[in-house]
Amino acid sequence: MGLDDIKRRIAAAEEKAGRAPGSVTLIAVSKVQPAPRVQAVLDQGHRVFGENYVQETQGKWPDWRARYPDVSVHMIGPVQSNKARAAVTLFDAIHTLDRMTLARKLAQHCAEQGRHPQLFVQVNTGDEPQKAGILADELPGFLSQCRELGLSPEGLMCIPPEGLDPLPHFRLLQRLAQDNGMALLSMGMSADFETAIAEGATHVRVGSAIFGARDYG
């Protein structure tokens, strides 16, 4: 396992699905990873990373951004409304737009900062009550409200229910994207990204398979 292995597997999945080489963006999920591991992946030339926590990102990415101006940092964890200002400042993309209160805050801070991170709407494809995300049948109305606020979501994101076959969820997200004119699909993680690529993923989120197991101690 490692960055080169994951990139080879992505290229093979693109080819198998009849997709153009390089059509899938690999987000290296660097949350809770020690700095030397992240530095090693930067040294290999990778430039797209994913984080789950605003505070962690504030602590570790400004220095790397200064050294690697072409780096792109994506927010793939939940965003508290009171962290929306920092999220707009810190991230090049936010994959977890999941409620109207957050949309209003993001619209306000985007306007104030003149900065517009790429936005993905998180869809609760499994209709799980404990999970964040917009329900599939509520998506068109939510997108319309976002656009009225001046936001322009470009993609959809999902996290399939744990322990279940992700394929139906990837297919649902792909259909919702088509129906709502969305070009980007953030879906697929370490265990299932090849399946996601076959179903049209444009962004896959891979962490431990690149960096090694996380140490939360």
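Below is a summary of the structure that appears in this document.

Quick notes on the rules
- Residues numbered from 1 in each chain as written.
- Predicted model: local features only at pLDDT ≥ 70, side-chain atom pairs only at ≥ 80, totals over all residues.
- Heavy atoms only, no water.
- Helix = DSSP H or I, 4+ residues; strand = E, 2+ residues; numbered from the N terminus.
- Expected span 1.5 Å × (residues − 1).
- Buried < 20%, exposed > 50% of the residue type's maximum accessible area, 1.4 Å probe, protein only.
- Contact = heavy atoms within 4.5 Å.
- Phe/Tyr/Trp six-rings, centres within 6.5 Å; stacked < 30°, edge-to-face > 60°.
- 1 Å grid on protein atoms, 1.4 Å probe; cavity = no way out; pocket = protein on both sides within 12 Å on 5 of 7 lines; lining within 4 Å.
- Points joined across faces, edges and corners; volume = space filled by probe spheres on them.
- Nonpolar A, V, L, I, M, F, W, Y, C, P; charged D, E, K, R; others polar.
- Core = buried A, V, L, I, M, F, W, Y, C linked by side-chain atoms within 4.5 Å.
- Lys, Arg positive; Asp, Glu negative; His and termini not counted.
- Salt bridge = Lys/Arg side-chain N within 4 Å of Asp/Glu carboxyl O.
- Polar contact = N/O pair within 3.5 Å; in protein donor to acceptor, adjacent residues only side chain to side chain.
- Pairing = 2+ DSSP bridges.
- Right-handed = clockwise from strand over helix to strand, strands pointing away.

This part covers helix 5 (residues 100–113). With 14 residues, helix 5 should reach 20 Å at 1.5 Å per residue; the first-to-last C-alpha distance of 20 Å fits that figure. Inspection of helix 5 places Met 100, Leu 102, Ala 103, Leu 106, Ala 107, His 109 and Cys 110 among the buried residues, and these make up the whole buried set. The secondary structure elements touched by the buried residues of helix 5 are helix 4 (84–90), strand 4 (93–97), strand 5 (118–122) and helix 6 (139–148). In the stretch just after helix 5, Gly 114 is the one whose phi turns positive, near 65°.

Moving on to the packing of aromatic side chains. Taken as a whole, this structure holds two aromatic pairs when the rule is applied. Measuring from ring centre to ring centre gives 5.0 Å for Phe 49 and Trp 61, while their planes differ by 45°; the resulting arrangement is tilted. Note that Phe 49 is positioned in strand 2 (residues 48–51) and Trp 61 in helix 3 (residues 54–67), a separation of 12 residues in sequence. A relative accessible area of 1% means that Trp 61 is categorised as buried. What links up through ring pairs into an aromatic cluster is the set Phe 49, Trp 61 and Trp 64.

Each pocket or cavity is described by its volume, and for the largest pocket that value is around 680 Å³. Considering the residues around the largest pocket, the lining is formed by 26 residues, among which Lys 31, Ile 159, Pro 160, Met 189 and Arg 205 are closest to the centre. The class makeup of the residues in the lining of the largest pocket is 12 nonpolar, seven polar and seven charged.

A few words now on the nonpolar core. Core analysis: the biggest nonpolar cluster contains 61 residues, and Phe 49, Leu 97, Leu 156, Val 204 and Ile 210 have the highest contact counts within it. Filtering out sequence-adjacent residues up to four positions away, Leu 97 remains in contact with Leu 102, Ala 103, Leu 106, Leu 119, Phe 120, Val 121, Gln 122, Phe 142, Cys 146 and Pro 153.

Turning our eyes to something else, we now look at the side chain of Arg 205. Within the secondary structure, Arg 205 sits in strand 8 (residues 203–206). One buried charge, Arg 205, has no salt-bridge partner; the nearest side chain with opposite charge is Asp 192, at 7.2 Å. Within the local environment of Arg 205, its side chain forms a polar contact with the backbone oxygen of Cys 158, the two atoms lying 3.1 Å apart. Once residues lying within four places of it in the same chain are set aside, the contact partners of Arg 205 are Ile 27, Val 29, Ile 76, Met 157, Cys 158, Ile 159, Ser 186, Met 187, Gly 188, Met 189 and Ser 190.

What follows covers the side chain of Thr 125. You can see Thr 125 is positioned in the loop between strand 5 and helix 6. Thr 125 gets classed as buried once you look at its relative accessible area, which sits at 12%. Residues contacting Thr 125, with those up to four places away along its chain left out, are Cys 158, Pro 160, His 169, Leu 172 and Leu 173.

Most of strand 1 (residues 25–29) is tucked away, with four of its five residues classed as buried. Where strand 1 and strand 8 come together, four bridges link them in parallel fashion. If you follow Ile 27 over to strand 8, its bridge partner there is Arg 205. Of the pairings in the sheet, the one linking strand 1 to strand 2 comprises two bridges and is parallel in character. Residue Val 29 lies in a different strand from strand 2, and its bridge partner there is Gly 50. With helix 2 (residues 35–43) bridging strand 1 and its parallel neighbour strand 2, the resulting β-α-β unit is right-handed.

Functional significance is not addressed by these values, which are geometric in nature.
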